[in-house]
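# Results of the structural survey
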Amino acid sequence: MYWTEFLTVALIHLLAVASPGPDFAIVVRESVAYGRRAGLFTAFGVGTGILVHVTYSLLGIGLIVSQSIVLFNALKWLAAAYLLYIGIKALRARPADPASAELNLAAGERSGRGAFVTGFVTNGLNPKATLFFLSLFTVVINPHTPVAVQAGYGLYLALATAFWFCLVAWLFSQQRVRAGFARMGHWFDRLMGAVLVGIGVKLALTEMR
């Protein structure tokens with residue numbers, strides 16, 4: 001009965017999750033810098049962050065945030081500050097000794113918890129995700145659709161997001177890929193830092209429409 005609606009939700013989500021953004025940038029950076037385990041935990045964090053958006057969309061809190069300039073701006077500046085913090089840290093990366101480059105590739109310096117929290121916070125604080133899920137649950141999904149069915153959609157969105165970014169983590173954490181990025185060393189960190197700073201600045205300048 002709800003298959004048409006579900007397929008519409010799945011298609012819109014696919015188009016949204018495949019477009020590069022802060023989630024993609026952070027998963028790539030964690031995967032290249034710290035390896036597959038960190039990349040996967042980051043992907044799980046991003047997927048779990050989706051549940052935050054789903055929950056407040058079901059509760060109607062997202063509508064309140066979208067209508068309050070103060071709350072929207074608070075969320076926007078908090079997210080922008082977090083991305084700027086990560087980006088600036090990456091921009092300050094220094095060249096590593098060639099002899100230690102291979103050791104850094106093999107070292108598991110990143111805890112699973114730290115990677116998970118990074119992914120969770122990056123997605124959970126994204127105000128664009130707030131507006132996306134608000135639109136999804138108020139425009140695309142029929143308000144008369146049972147809450148249990150809507151919750152099922154939300155669970156699918158979280159799992160699909162985690163699965164997609166697990167694929168991204170798997171790709172960018174392969175030894176050859178990491179070795180290639182390692183040869184560029186600090187330049188890769190600085191590039192990803194510039195991307196994150198750019199996203200943070202763009203986010204900070206975003207106006208509620």
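This is a predicted model, so every value here is computed, not measured. (Residues numbered from 1 in each chain as written. Predicted model: local features only at pLDDT ≥ 70, side-chain atom pairs only at ≥ 80, totals over all residues. Heavy atoms only, no water.)

## Quick notes on the nonpolar core
Val17, Ile26, Val27, Val28, Val32, Ala43, Val46, Phe165, Cys166, Val168, Ala169 and Phe172 together form the largest nonpolar core, which totals 12 residues. Sorting the residues of this core by element identifies helix 2 (22-34), helix 3 (36-59) and helix 9 (147-172) as the ones contributing at least two each. Counting residues per element, this core draws most heavily on helix 9, at 5 residues. Setting aside residues no more than four positions away along its own chain, Cys166 makes contact with Leu40, Ala43 and Phe44. Membership of the second largest hydrophobic core comes to 11 residues, among which are Val9, Ile50, Val54 and Phe133. (Core = buried A, V, L, I, M, F, W, Y, C linked by side-chain atoms within 4.5 Å. Buried < 20%, exposed > 50% of the residue type's maximum accessible area, 1.4 Å probe, protein only. Helix = DSSP H or I, 4+ residues; strand = E, 2+ residues; numbered from the N terminus. Contact = heavy atoms within 4.5 Å.)

## Let's talk about the UniProt feature "transmembrane region" (unreviewed entry) in the protein chain
The feature "transmembrane region" (unreviewed entry), as annotated in UniProt, sits at residues 41-63, 70-88 and 153-172 in this numbering. Across residues 153-172, helical content stands at 100% and strand content at 0%; the span's end C-alpha atoms are separated by 29 Å. (UniProt positions renumbered as here; feature names shortened; annotations may be inferred.)

## Remarks on a nonpolar patch on the surface
A cluster of nonpolar side chains, contributed by Leu11, Leu14 and Leu15, occupies part of the molecular surface with about 320 Å² of accessible area. Inspection of the secondary structure puts Leu14 in helix 1 (residues 3-18). On the accessibility criterion, Leu14 (48% relative accessible area) is partly exposed. (Patch = residues over 30% accessible without salt bridge, like charges linked within 9 Å, V, L, I, M, F, W, Y side chains within 5 Å. Areas by Shrake-Rupley, 256 points an atom, 1.4 Å probe, with all protein chains shown as cover. Salt bridge = Lys/Arg side-chain N within 4 Å of Asp/Glu carboxyl O.)

## Section: the pattern of salt bridges
Per the counting criterion, the structure on display carries 1 salt bridge. Among the ionic pairs, Glu30 bridges to Arg110, the shortest N-O distance being 3.0 Å. Taken as a pair, Glu30 in helix 2 and Arg110 in the loop between helix 6 (98-106) and helix 7 (112-124) lie far apart in primary sequence, 80 residues in all. In this structure Arg110 comes out as partly exposed when scored by relative accessible area, which is 24%.

## Description of the packing of aromatic side chains
Applying the stated criterion across every chain yields a total of 6 aromatic pairs. Centroid distance Phe41 to Phe44: 6.5 Å. Interplanar angle 85 degrees. Geometry classified as edge-to-face. In this pair, Phe41 and Phe44 are both assigned in helix 3, 3 residues apart and thus about one turn of the helix distant. When the centroid spacing of 6.3 Å and the interplanar angle of 10 degrees are considered together, the rings of Phe116 and Phe120 count as stacked. Of this pair, Phe116 and Phe120 both sit in helix 7, 4 residues apart, which is roughly one turn of that helix. Residue Phe120 is classed as partly exposed on the basis of its relative accessible area, which comes to 29%. Among the aromatic side chains, those forming a connected cluster through ring pairs are Trp3, Phe6, Tyr153 and Tyr156. (Phe/Tyr/Trp six-rings, centres within 6.5 Å; stacked < 30°, edge-to-face > 60°.)

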